[in-house]
Amino acid sequence: MVHEDPWHAGNPYIYTLIEQIRKVHPECEIAWGRERFWSQDIFSFDIVHFQWPQAFMAYDSHTEQMLLRHIEQMKAAGIRIVSTCHDLEPHYDQCADKAESLKIVYSHCDAILHLGEYSLRLFKEQYPTAAHLLLPHHLYDTIYHDFPSKATSLKHLRLRPDSTYILCFGTFRADVERQMVIDLYKQLNDKSIYILAPGFMDVWKLSWKILPRLYKKFYYKYKYHIYCTGKTWGAVSEADLPYYYGAADVAFIQRLKILNSGNALMPMLYGTVVVGPDCGNVGPLLRKWDYPVFQVDDTQRIGKVVSQGIQMGKDGFGRKNRAAQIEKYSTSHISDELYSIYQNLLEA
C-alpha cells in the first residue's frame, strides 16, 4: 500500500481493509512506508497499490520523474500496479503541484479500482490499457460500534434538544464551501436549525491572528448557527464521532467539486439521511438510495433540497435503508472483493 502510515491517513479507509484482509488471509503480507516504497525491497512484492499518489508525493523528496522511472522498473520486474481512483485531480489547490503524479500512476496501472460508475466510464476511455473494476467504498463498521440515541447525543454535545441539526463533516477545503453553508442557513431561514460543521475553519494556530479568528468562530455561531471546533484537520475525535451522527437530523455534503466521499457512506452506518451534490460518483450513490441531491450549478435551491432531507430524516427514512446498506458496503464484503481482485491480477 503506497502510503506513509495507513493508521494516520486522515481517515480509516486503508487500514480497515488491511486489517480485514489480514484477519481472513493471514498468509497475505501487506506492507507500507515511504522508505520501503523507494528501496529495492519493493521488488519483493507482487502488487503495489496506490491510494492518493499526489498526497504521497507532496511530502516526498523524490521528483515525479523519479516516480515514473520507479514505476517503469516495477512493471519491468512483473509487479502489478494498482490504484484506487479517489480523485480525478487534486482538490482545489491541495497538492496541485503534484497533479502529474496522478497521471503517471493511472497511465501505468494494470488495474484501476473505482468507487462508482462515473469514474469507471470516464477512465475506460482515458486509460484504455488498464482493467477498470468497481469496488465500492466500504463502511467503517469494524471500528464504530456505538450508536447513541438522539437524546444521549444532544446531551453529550451540549446541544439544545428542541432544535434541528444539519451535520457537515470533513475539512472545508475552500471558501466557496464555507459560503455555501452560510447560504444554506440563509435559505432555510429558520432559527431553530443549527449546522454542525466541526471542520469549518481553523482557529488554533499560534500566531497573532488567533484573536480575530476566535472572534470569527463565535460570529459564525451566533450569526449563522454554525458550530465548529476551530480545527480543520482532525476536528472530531473518534470517541465523539458517533454522537455527531446521533444528533444529526440530516447529513449534508458541502462539496461543489467532488468525485468520491466517505462522508456519503458514514451516515448510512448510523441510519442518517444524506444530501449531497449530484456529481461524480456521489450523485449516483445517493440517488441509488433515494436520497436528495442538489445541482452544483443551481445552489439557490440547496435549502429546499436540504429541507426535504430533514423531513426524510425525521420520518426515519435513513434507518429503513440501514440494514441493506450495511450488507452491501460492509468492510468484510468489500475486503473480500479486493482480495479476489488481487488474486485475479496475479493469475492473469
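Here the structure is a predicted model, which means the values were calculated and not measured.

Describing helix α13 (residues 302–314)
Then comes step 1: In this model α13 runs 18 Å from its N-terminal to its C-terminal C-alpha over 13 residues, within 8% of the 18 Å that 1.5 Å per residue would give.
Then comes step 2: Along α13, the residues classified as buried are I302, G303, V305, V306, G309, I310, M312 and G313.
Then comes step 3: G316 lies just past α13 and shows a positive phi near 80°.

Things to note about the environment of I42
Then comes step 1: By secondary structure assignment, the location of I42 is in the loop between α2 (34–38) and β1 (47–50).
Then comes step 2: Accessibility expressed as a relative area gives 7% for I42, which makes it buried.
Then comes step 3: For the pair I42 and E347, spaced 305 residues apart in sequence, the C-alpha to C-alpha distance is 20 Å.

Notes on the environment of Y291
Then comes step 1: In this fold, Y291 is placed in the loop between α12 (282–288) and β10 (293–294).
Then comes step 2: Assessed through its relative accessible area of 3%, Y291 is described here as buried.
Then comes step 3: Remark: the alpha-carbon pair of Y291 and Q308, spanning 17 residues in sequence, is separated by 9.2 Å.
Then comes step 4: Excluding its chain neighbours within four sequence positions, the residues that come into contact with Y291 are M268, T272, V273, V274, L286, M312, F317, G318, N321 and Q325.

Section: a nonpolar patch on the surface
Then comes step 1: A surface patch of nonpolar side chains, amounting to about 220 Å² of accessible area, comprises L88, Y118 and L122.
Then comes step 2: Its place among the elements puts Y118 in helix α6 (residues 117–126).

Some remarks on the sheet that holds β1
Then comes step 1: An order of β1-β2-β3-β4 is seen for the four strands of this open sheet, with the pairing classed as parallel. Both edges of this open sheet fall to β1 and β4 (131–134), since each of them pairs with a single strand only. Recorded for the sheet is a direction-independent mean angle of 20° between the axes of neighbouring strands.
Then comes step 2: Of the strand pairs in this sheet, β1 and strand β2 (residues 80–85) are connected by four bridges, and their pairing is parallel. Opposite F50, over in β2, you have S83 as the bridge partner.
Then comes step 3: Packing against the sheet, helix α15 (residues 331–347) makes contact with β1, β2, β3 (111–114) and β4, and its axis sits at approximately 135° to β1.

About the criteria used
- Residues numbered from 1 in each chain as written.
- Predicted model: local features only at pLDDT ≥ 70, side-chain atom pairs only at ≥ 80, totals over all residues.
- Heavy atoms only, no water.
- Helix = DSSP H or I, 4+ residues; strand = E, 2+ residues; numbered from the N terminus.
- Expected span 1.5 Å × (residues − 1).
- Buried < 20%, exposed > 50% of the residue type's maximum accessible area, 1.4 Å probe, protein only.
- Contact = heavy atoms within 4.5 Å.
- Patch = residues over 30% accessible without salt bridge, like charges linked within 9 Å, V, L, I, M, F, W, Y side chains within 5 Å.
- Areas by Shrake-Rupley, 256 points an atom, 1.4 Å probe, with all protein chains shown as cover.
- Salt bridge = Lys/Arg side-chain N within 4 Å of Asp/Glu carboxyl O.
- Pairing = 2+ DSSP bridges.
- Axes fitted to C-alpha atoms, helices over the stretch in contact; angles between N-to-C directions.

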